[in-house]
Amino acid sequence: MAALPNNLPETPASERVGDLLSEALRQIRITGSLQYCYMPSGAWITDATPGAYKPRDAIGFHIMTAGTCWLELEGVRTVLEAGDIAAFPFGTPHWIGAGDGGRLIDPGGDLPPAPWRETPILRYESEGPIVRILCGYIQCEAMNFRHFSQLLPTLIHVRTLQAGATDWLAATIKQIVAEVDHPQGGGRSVLERLTELAFLEVLRRQILAADASSTGWLAAIQDPALSRCLHFIHSDPGHDWSVEKLAAASGLSRSALCDRFAKLLQSSPMHYIRDWRLFLASVRLRSGSASIAEIALDAGYAAEAAFNRAFSRRYGKPPALWRKTSAA
């Protein structure tokens, strides 16, 4: 049997699944955000498709803080009520509004020039019920890891106000509104952290509530053999892994391991490791000051040129440009 790293002891199955979910959720942190509030009344409609300024890895959202409206996505209407959160992991075009045949309003086009010292609040007064919506996006690094992003639907809809139930997420939304309405020193940082916490919980609920299909990352982490394999990969991505070592960690033969990866993840074990290492490299490029040569070596590439080619194929631009545009 191929040797495993000495610092990776056996972990119970339930803990492995929890660890893998925690690792995915740990990568969900705000690296950039934009938020504004608008308050229409009466009958109205808005093209709420995220604007071109939204970064590729950002998740757009609407938080309903007062009133009721409808959301139409891919021909299906959903009612949004106070306390609801609607998130759009892939920026899918959609409309929101109230009533029928109302005026078209464009909050995105009416925003004051950035940067903003306080969260903008736009009012569109008319006769009829008032709706209040906090809109914007958060940048989520985990969206750049395709095996994670494939877990998510085009729309995540969470209700935090349920009859007879208490939900701490509703209290978080209430505090977000308070920070918008009564800004204080350091308020923008507090607002970002509150929003990050809210969306971490939204995504956790989505993942835990999803039915594991026959394929995909959620199915893989609930497969006893693959969860062992993924646990070792994620625990020590820089290790000199081979199919033989991973098969030993999984308790499978080489061919059985490769077949199961192909069936559940549409990938090979070594391609999965490459994707995970390149994702970790993208995080370091965005948030750290390590040289590209150092990051390349940690990602398993002896030559910086080979790393540049692999990174460009996966992320559409070379590492140096990725770092520059992410910083901008």
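Residues numbered from 1 in each chain as written. Predicted model: local features only at pLDDT ≥ 70, side-chain atom pairs only at ≥ 80, totals over all residues. Heavy atoms only, no water.

**Looking at helix α5 (residues 187–209)**
Here is step 1: Across its 23 residues, α5 extends 33 Å between first and last C-alpha, which sits within 8% of the 33 Å expected from 1.5 Å per residue.
Here is step 2: Those residues of α5 lying buried are G187, L191, L194, T195, E196, A198, F199, E201, V202, L203, Q206 and I207. (Helix = DSSP H or I, 4+ residues; strand = E, 2+ residues; numbered from the N terminus. Expected span 1.5 Å × (residues − 1). Buried < 20%, exposed > 50% of the residue type's maximum accessible area, 1.4 Å probe, protein only.)

**Overview of helix α8 (residues 243–250)**
Here is step 1: Taking burial as the measure, the 8 residues of α8 include 7 buried ones, the bulk of the element.
Here is step 2: Regarding α8, the residues found buried are V243, K245, L246, A247, A248, A249 and S250.
Here is step 3: Looking at the buried residues of α8, the elements they touch are α7 (224–235), α9 (254–265) and α10 (269–287).
Here is step 4: At the C-terminal side of α8, G251 shows a positive phi close to 75°. (Contact = heavy atoms within 4.5 Å.)

**Remarks on the pattern of salt bridges**
Here is step 1: Counting across every chain of the model gives 16 salt bridges.
Here is step 2: The partner of E81 in a salt bridge is R159, with the nearest N and O atoms 3.7 Å apart. With a gap of 78 residues between them, E81 in strand β5 (residues 76–81) and R159 in strand β11 (residues 156–159) connect regions that are remote in the sequence.
Here is step 3: In this structure, D298 engages R284 in a salt bridge whose closest nitrogen and oxygen atoms are separated by 2.6 Å. Taken together, the residues span a long stretch of sequence, with D298 in helix α11 (residues 292–298) and R284 in helix α10 at a distance of 14 residues.
Here is step 4: Taking relative accessible area as the criterion, D298 reaches 41% and is therefore assigned partly exposed.
Here is step 5: Counted as one network, the salt bridges with shared partners bring together D167, E201, R204 and R205. (Salt bridge = Lys/Arg side-chain N within 4 Å of Asp/Glu carboxyl O.)

**Examining unusual backbone geometry**
Here is step 1: Despite not being glycine, E74 shows a phi value in the positive range, around 50°.
Here is step 2: Considering the arrangement of structural elements, one finds E74 in the loop between β4 (68–73) and β5.
Here is step 3: Its identity is not glycine, yet Q266 carries a phi of approximately 50°, on the positive side.
Here is step 4: Turning to its location among the elements, Q266 is positioned in the loop between α9 and α10.

**Examining the packing of aromatic side chains**
Here is step 1: Under the definition given, this model contains 15 aromatic pairs.
Here is step 2: Taking 5.4 Å as the distance between ring centres and 35° as the angle between the ring planes, the aromatic pair formed by W276 and F279 counts as tilted. Placement of both W276 and F279 in helix α10 is noted, with a separation of 3 residues, approximately one turn of the helix.
Here is step 3: What makes W276 buried here is its relative accessible area of 3%.
Here is step 4: Linked through ring pairs, F145, F261, Y272, W276 and F279 together constitute an aromatic cluster.
Here is step 5: Above the ring of W70, the side-chain terminus of R77 is found at 3.6 Å from the ring centroid. (Phe/Tyr/Trp six-rings, centres within 6.5 Å; stacked < 30°, edge-to-face > 60°. Lys NZ or Arg CZ within 6 Å of the ring centre and 35° of its normal.)

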